[in-house]
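# An overview of the molecular structure
The residues making up each chain are set out below.
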Amino acid sequence: MSATHNDGRFSAREPSLSVTPRQPQQKDQPFQFAPIPQLAFGLYQIPCNQDGEAIIAAAISSGYRHFDGGEFYQNEECLGRAIRASGISRKEFYITGKVWKDAIMVGGDAVENSVDASLKKLGFNNRDESYFDLMLLHWPVPGHFVKAYDALQKMYHTGKVRALGLSNFNQLEYKELMSSGIVTIPPICNQMEVSAVMYRPDLIRFFQQEQMIVIAFKPLQRGGLLDQDLICSLAKKYSVSVPQLLLRWTIQHGLAVACKTSLPQRMAENRSVWHFTISSSDVELLDQLTTPEDIAKRTEREEASKQP
């Protein structure tokens, strides 16, 4: 995995992450995928109304070009409208989508129909604009995710999806997928909860060693870390806000990260994370905030969420 500065597609000049994923045995030439802009604007719980569209428009004005969406969020129409209203070319954006569990359970045509429905909601009529840069399986539904991934591969070959990835997968689920014999288009990422109080270094390291990008969501714990003593003291030490500190910590671990805010001033602040570096000793202090109990609770929630 390597960090690059822009590949020319994205007008917001920021580092991107790129990988050369593990190749299926029958593949002689390596796949080439567009780099992933390291800072994404998360669309979870953004309403699909005028207020939501205004929030997305403000994010675009703040410089965001990577938007992390999903069918379950029910706001793909607003994203498409905001992008078109911006006057910025579709190719300047990196749009991530996710297939929800109901389609994953059925697999096959249901997965393909889910992607097609999401594209229709985005509303780009020109075929050169109607695509997802990245499509994820939202949850590894037991007994179903392998066939669902196979269906996504078909969408890749149509050009409607330009890269494939995973979300909320653990090591065993990834190994089950990769040993299934169906993978011809390798996943380039796994999206998972990562924050200073949900840091699972073994899980992150596993996927990075598999030549995949880890994309962190919920890095600010939805504001739940704003008054944590150590975090506040370190933010003061570096003369930055708590969100800036936490986002920088995530970046220094080599991750892409999706976060959100409805406030334009916070959007700009959350993108201003390249001017300082957290010392290795302070990174280690933040690493140690996660407890075994925290991880156990998250694992329990994840296992429940994976069920049909």
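What counts and what doesn't
Residues numbered from 1 in each chain as written. Predicted model: local features only at pLDDT ≥ 70, side-chain atom pairs only at ≥ 80, totals over all residues. Heavy atoms only, no water. Pairing = 2+ DSSP bridges. Helix = DSSP H or I, 4+ residues; strand = E, 2+ residues; numbered from the N terminus. Axes fitted to C-alpha atoms, helices over the stretch in contact; angles between N-to-C directions. Contact = heavy atoms within 4.5 Å. Expected span 1.5 Å × (residues − 1). Buried < 20%, exposed > 50% of the residue type's maximum accessible area, 1.4 Å probe, protein only. Polar contact = N/O pair within 3.5 Å; in protein donor to acceptor, adjacent residues only side chain to side chain. Salt bridge = Lys/Arg side-chain N within 4 Å of Asp/Glu carboxyl O.

### Observations concerning the sheet that holds strand 9 (residues 189–193)
One closed barrel holds the eight strands; their spatial order is 4-5-6-7-8-9-10-11, and the pairing between them is parallel. Looking at each pair of strands side by side, their axes are set apart by 25 degrees on average, direction ignored. Pairing of strand 8 (residues 164–167) with strand 9 involves two bridges; the strand directions are parallel. Opposite Ser167, over in strand 9, you have Gln191 as the bridge partner. Lying over the sheet, helix 5 (residues 145–158) contacts strand 6 (94–99), strand 7 (134–137) and strand 8, oriented at roughly 165 degrees with respect to strand 7.

### Quick word on helix 1 (residues 50–61)
Each α-helix winds once per 3.6 residues, and so residues spaced three or four apart point in a common direction. Its 12 residues give helix 1 an end-to-end C-alpha distance of 16 Å, which sits within 8% of 16 Å, the value for a rise of 1.5 Å per residue. Among the residues making up helix 1, those that are buried are Gly52, Ile55, Ile56, Ala58, Ala59 and Ile60. Of the surrounding elements, those touching the buried residues of helix 1 are strand 4 (39–42), strand 5 (66–68), helix 2 (76–86) and helix 10 (264–271). Taking the backbone nitrogen of Asp51 as reference, a side-chain oxygen 3.0 Å away marks Asn49 as the first, capping residue of helix 1. Just past helix 1, the residue Gly63 takes up positive phi, approximately 115 degrees.

### Topic: the pattern of salt bridges
For the structure on display, the rule yields 12 salt bridges. A salt bridge links Glu53 to Arg81, with the shortest nitrogen-to-oxygen separation between them at 2.9 Å. Placement of Glu53 in helix 1 and of Arg81 in helix 2 is noted, with a sequence separation of 28 residues between them. Overall, the relative accessible area of 22% leaves Glu53 in the partly exposed class. The exposure class of Arg81 is partly exposed, given its relative accessible area of 35%. Among the ionic pairs, Arg90 bridges to Asp133, the shortest N-O distance being 3.0 Å.

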